[in-house]
Amino acid sequence: MNKYIDDNMHTAELEQSLNGSEVFPMVKDLCYKYDLRVSQRLMLTKYKYDNDWERGFAETKDYDKFNDINFDSTQDEQLKKDNKAGYSDDITLLYNEAFVLDYQGVPQAVVYFDEGNFCFQANYEIKDRGKDTWDRFTVTSNKVSQVLKTLRRKKWKPLSTRENYQAMRLNTRDMIKDFRVEGVSLSKAISEHQSAITDLTYNNKDKLSEILDNLYGSKNSISHATNEHYAQKFKGIENLNTRVHSTLKEVKAELDNKFTAIGITHSGGWIVGEVYEHQGDYKIPNGEDILYAVNNDNRDFEDYDKEFGQLIIHKTQRVHNLEQLDFFDSLKPTLTMLKVHLQDWENKEDRNEVVREYFKAEYGRYDDSNWIEELGCYYSPNGIYGAKHNPFSIVWLLMAKPQ
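1. Comments concerning the sheet that holds strand β3 (residues 94–103)
Piece 1. What the six strands build is an open sheet, ordered β2-β1-β3-β4-β5-β6; its pairing is antiparallel. Strands with a single pairing partner mark the edges of an open sheet, and in this sheet they are β2 (52–57) and β6 (138–141). Within this sheet the neighbouring strands show an average axis-to-axis angle of 30°, counted without direction.
Piece 2. Bridge analysis of strand β4 (residues 106–114) against strand β5 (residues 117–122) gives six bridges, and the strand direction is antiparallel. Its bridge partner being in β5, V110 is matched across the sheet by Q121.
Piece 3. Across the sheet, helix α2 (residues 24–34) is in contact with β1 (37–49), β3, β4 and β5; its angle to β5 comes to roughly 40°.

2. Some thoughts on the nonpolar core
Piece 1. By size, the foremost hydrophobic cluster in this structure holds 87 residues, and its most contacted members are L30, F120 and L151.
Piece 2. Other than its neighbours up to four places away in sequence, F120 contacts M26, L30, A109, V110, V111, F137, T138, V139, V147, L151 and W156.
Piece 3. Counting residues in hydrophobic clusters, the runner-up holds 21 residues, among them I264, L338, C377 and Y379.

3. Some details on the environment of A293
Piece 1. Residue placement: A293 occurs in the loop between β13 (290–291) and β14 (310–319).
Piece 2. Sequence separation between A293 and M168 is 125 residues; the distance between their C-alpha atoms is 15 Å.
Piece 3. Those residues in contact with A293 that lie beyond four places of it in its chain are G280, D281 and Q310.

4. Points about the environment of F99
Piece 1. Within the element layout of this structure, F99 appears in strand β3.
Piece 2. When the C-alpha atoms of F99 and A109 are compared, they prove to be 8.3 Å apart, with 10 residues separating the residues in sequence.
Piece 3. In contact with F99, other than residues within four places in its own chain, are L14, S17, L18, S21, V23, V38, Q40, R41, A109, V110 and V111.

5. Remarks on the packing of aromatic side chains
Piece 1. Tallying each qualifying case throughout the model produces 16 aromatic pairs.
Piece 2. Considering the side-chain rings of Y4 and F24, the 5.5 Å spacing of their centres and the 85° angle between planes classify their relative orientation as edge-to-face. Of this pair, Y4 sits in the segment before α1 (12–19) while F24 sits in helix α2, placing them 20 residues apart in sequence.
Piece 3. You can call F24 buried: its relative accessible area is 10%.
Piece 4. Arranged with centres 5.2 Å apart and planes meeting at 65°, the rings of F66 and F71 form a pair that is edge-to-face.

Conventions used here
- Residues numbered from 1 in each chain as written.
- Predicted model: local features only at pLDDT ≥ 70, side-chain atom pairs only at ≥ 80, totals over all residues.
- Heavy atoms only, no water.
- Pairing = 2+ DSSP bridges.
- Helix = DSSP H or I, 4+ residues; strand = E, 2+ residues; numbered from the N terminus.
- Axes fitted to C-alpha atoms, helices over the stretch in contact; angles between N-to-C directions.
- Contact = heavy atoms within 4.5 Å.
- Core = buried A, V, L, I, M, F, W, Y, C linked by side-chain atoms within 4.5 Å.
- Buried < 20%, exposed > 50% of the residue type's maximum accessible area, 1.4 Å probe, protein only.
- Phe/Tyr/Trp six-rings, centres within 6.5 Å; stacked < 30°, edge-to-face > 60°.

Take a look at the structure:
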């Protein structure tokens, strides 16, 4: 059984649940053919609507309990409370087990057995047609061989296309623009510099007219007041320009130093990898697709002669506990300070919530930066389109590597 379950995620409970599952025959073939590993047992929800099934992923804050073969969804009051909200009283919510399949620690598929069919859900619309989003994401058949045949026909492979590699590429532009020095983001620094340049001409047309007249018209001398005005303005612009370049230099140093990435998803454990900056187009290692360098990503920095590459996460693995990492001791000081920082942040306002150790509930709020400047940490939520609480979306915590 160990060859079907990720070594870092293996528990006796998960092994027992997988071994007793009706979907296990398909799991064996998928693991053999695609080098996948089971990382988690999930619960799916379903209910009848207009004589058809509506399906989703069950929400929980304790995924470990799902791994127990004796877990009874009908008796778990917290599960009922978490998942019944929003449904009318006449809807009966049913549950069905499923398993997450990882490749190099990254979730790539959810498999389950339902109404006599083996079901394989990808993390993108693998089918061109379907009655709803869930159906378009899912290949179903009463034969394992037919599911595998469809996957071959669709040329499915783990981490091989733009769609199923999406969570591994970060939004470089947003990350860089939100970088902060002394509480001022690069985005704000650039905006204030550009506004100051505009102010030279747009808001002081009388003084500009005086200068143009001196150069090309009557050649009258420039008044002392106008001369002083522009001397002060240009000094201010020079200072703002220096601030932008200084911030760009600091963020570049952070990128050159590289990051450790810790990710959480609606599943168990932690996904851990490394982040590096890739210059130019990026060919996905396990396929033929290319992630093209987007010029728009650099348009905000062109005036400052700076270009940034694509930020890629690689060398990934999933662990049940961060303490399993052989380099955990190097992360511990930053993680300890981060925990204290988030406790203080949570205590500031009632709406602030730490949803999981080291992770806060909201990212990119108008008054809240994704960067934690003093710790060199950055949150990057990489959402995957699909059902709510799907295990494919990853929220990454980037931590500057110790120097």
